[in-house]
Structures are given as structure tokens and as C-alpha cells.
Amino acid sequence: MVVTPSLNKSFKFQSNWPNNSSQSYLLSSLVKDMTNDPKTEFNEKDKMFIIKNKVDYPNNEDLTYEKIYFDKNKDLKKVEVYNNKDMMKIKVEFLKIDYKASLNDDDFKLDNLIKEPECSGDCNENNENNENNNNSTENKTTSSLKDIIYPLYVPSNTSLKSKDVVNTESGERVILTFGGDNSFVLVEETINVADEFEIIPVYGDPEIINDSIGALSANSLSWTSNNVNYYLTGTSLAKDDLISIATSMNNVGVVNAEK
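From a predicted model like this one, the values you see are computed outputs, not experimental measurements. (Residues numbered from 1 in each chain as written. Predicted model: local features only at pLDDT ≥ 70, side-chain atom pairs only at ≥ 80, totals over all residues. Heavy atoms only, no water.)

### Quick look at the sheet that holds strand E5 (residues 63–70)
In spatial order, the strands read E3-E4-E5-E6-E7; together these five strands make up an open sheet with antiparallel pairing. Taken across any chain shown, the strands that pair with only one partner, and hence form the sheet edges, are strand E3 (41–45) and strand E7 (88–93). Pairs of neighbouring strands in the sheet enclose a mean axial angle of 20°, with direction left out of account. Bridge count between E5 and strand E6 (residues 76–83): seven bridges; the pairing is antiparallel. What sits directly across from Tyr 69, in E6, is Lys 78. (Pairing = 2+ DSSP bridges. Helix = DSSP H or I, 4+ residues; strand = E, 2+ residues; numbered from the N terminus. Axes fitted to C-alpha atoms, helices over the stretch in contact; angles between N-to-C directions.)

### Quick look at the packing of aromatic side chains
Tallying each qualifying case throughout the model produces four aromatic pairs. When the ring of Phe 178 is compared with that of Phe 184, the centres are 4.4 Å apart and the planes differ by 10°; the resulting orientation is stacked. Pair check on accessibility: Phe 178 and Phe 184 agree, each one buried. Residues Trp 223 and Tyr 230 carry aromatic rings whose centres are separated by 5.0 Å and whose planes lie at 10° to one another, so their mutual orientation is stacked. With a relative accessible area of 6%, Trp 223 lands in the buried category. Taking NZ or CZ as reference, Lys 52 lies 4.5 Å from the ring centre of Tyr 65, over its face. In this structure, Lys 78 packs its charged tip against the face of Tyr 69, placed 4.4 Å from the ring centre. (Phe/Tyr/Trp six-rings, centres within 6.5 Å; stacked < 30°, edge-to-face > 60°. Buried < 20%, exposed > 50% of the residue type's maximum accessible area, 1.4 Å probe, protein only. Lys NZ or Arg CZ within 6 Å of the ring centre and 35° of its normal.)

### A word on the pattern of salt bridges
A full pass over the atoms with the stated rule returns three salt bridges. Between Lys 91 and Glu 93 there is a salt bridge, with its nearest N and O atoms 3.3 Å apart. With a closest N to O distance of 3.2 Å, Arg 173 and Glu 189 form a salt bridge. Residue Arg 173 is located in strand E9 (residues 171–180), and its partner Glu 189 is located in strand E10 (residues 184–190); the two are separated by 16 residues in the primary sequence. (Salt bridge = Lys/Arg side-chain N within 4 Å of Asp/Glu carboxyl O.)

### Some words on helix H4 (residues 239–247)
Residues of H4 that are buried: Asp 241, Leu 242, Ile 243, Ile 245 and Ala 246. In the core, the buried residues of H4 are packed alongside E10, strand E12 (205–209), strand E13 (212–216), strand E14 (220–225) and strand E15 (228–233). (Contact = heavy atoms within 4.5 Å.)

### Structural notes on the pairing of E15
The side-chain alternation of E15 yields one buried face, formed by Val 228, Tyr 230 and Leu 232, and one unburied face, formed by Asn 229, Tyr 231 and Thr 233. Sheet topology places E10 next to E15; six bridges connect them, and they run antiparallel. Bridge pairing in E15 links Glu 189 to Asn 229. Sheet analysis places E14 next to E15, joined by six bridges and oriented antiparallel. Note on E15: the bridge partner recorded for Ser 225 is Val 228. A loop of two residues connects E14 with E15, the two strands running antiparallel in sequence, and Asn 226 in this loop sits at a positive phi of about 50°.

In C-alpha cells, the structure reads:
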């Protein structure tokens, strides 16, 4: 579940993540990677024990193997994930691990995640800051798209063919259609902050998209950023292309020229 207080919404993912993918920060996933690879390698270097094995990232086929580092006390210290060109793409360092850590039921209560923190010090100053933040949120909530964000990356032999603007009940929707060898459609739509907190079911696997968390499925990707909903779909696009297109849209209004 991804809680977004600025939108008064919580996005509940309906998927088997993280069980269906390698995760470099989860102990259970690292153990699974080691046991699933019959060719796991073990080396010792610079007073560190290093285990090298294959990884399984269905949403990023560029990642092929990882190195797991243990110190002389067999404590996990670091995980590095590499692509097929032996370039490190992910690095996770562990400063401290509590193998007996426990969680309380209250840790997962939604009310505890969205409630405002208790005042410490000058409550009036905190209230003023909250009011400023609320005003800032209200200013961001608009009925029209001030700037259309275009992807800086598109697959080869693919370009923008059309742009359509549609008025909706909540504001404005822009539909960008790209044609060519890897055609796709990108939709951008304004959203408003809900009056009451909402829990919205989301189908797909969580994926980090710049400053947001997106939902990635077989041939589509959706995410929300700066009070704008984005939806990207293309039947011929690989998941890597979906992610590359989305992450290239970092609020920079540059368009691939129409042809």
C-alpha cells in the first residue's frame, strides 16, 4: 500500500510483489536467489565473503546477477546488482541488521500513517506551516494542465503523431499518440484532492517512477505526480521501454517532433 496524504488517497496494490521478483534489500529474497541458482559462486576477498548468483527482475531484464557481501562474522554488509555488461546498477549497504526485529499490528493501521504528528515546541508555528502547505496543495489542484510533459525518450522509429485535449468532470485530459515501430499512447489527466480519504485498488507491480510509485503490468504503466495522473500503454512495448519512457518524463516539456 502506498499512502499519499497530499492527495488524501491510499493506493492498494493487488499483486504478488515482492515475491515474484528479486529484491536486493529483502533477506528472504536474497536467500531465494542463492538457492534458485545451481551455479552460485562463492569467493573470499579483502576479508569479505562474496556470493555471486543470478537474479530475476521480470520488469528489468537488463539486471542479470548480484554479489552479496558478508563480513568475517557472516553478517550481511552489502548487495550489488549488475547488468549483462558487468556494470553495477543497484547497490544496497547494510549498516545494522536486527534479526529479531518485530512489528506491531498498529504499525499497519492506516490512521497511524496519515495522522498529523503531535506538536513539539511552538504549535502555532507548526499550524502556520501546515496552513501554508495546505494552501500550496490547493494551488496545485487545478482543472487544467498548465504544462504537458513529453517523454525525452521514445523507442527508435517512433514519434508523436497526434495530441488530443478532452474536458472531463474533474478537469482536463490530454491524449498523446505515438506511432511507428513501437507505437504507444500516453494519457495525462488532472486530479483533485479528495474531500475524504480514499483507498484505491491498483493492479500491477510497484515501480519507482522519479518522485512517485507507479503500477506496472504486462503492457501498461500508471502513476501520479504533481496532481496529474499518467497512463502509458503500448501492446508492442517491452516493460523496459515502458519504464524508460515514464522515467524520462521528469517535468521537462520537450517533445519528440511530429512527423
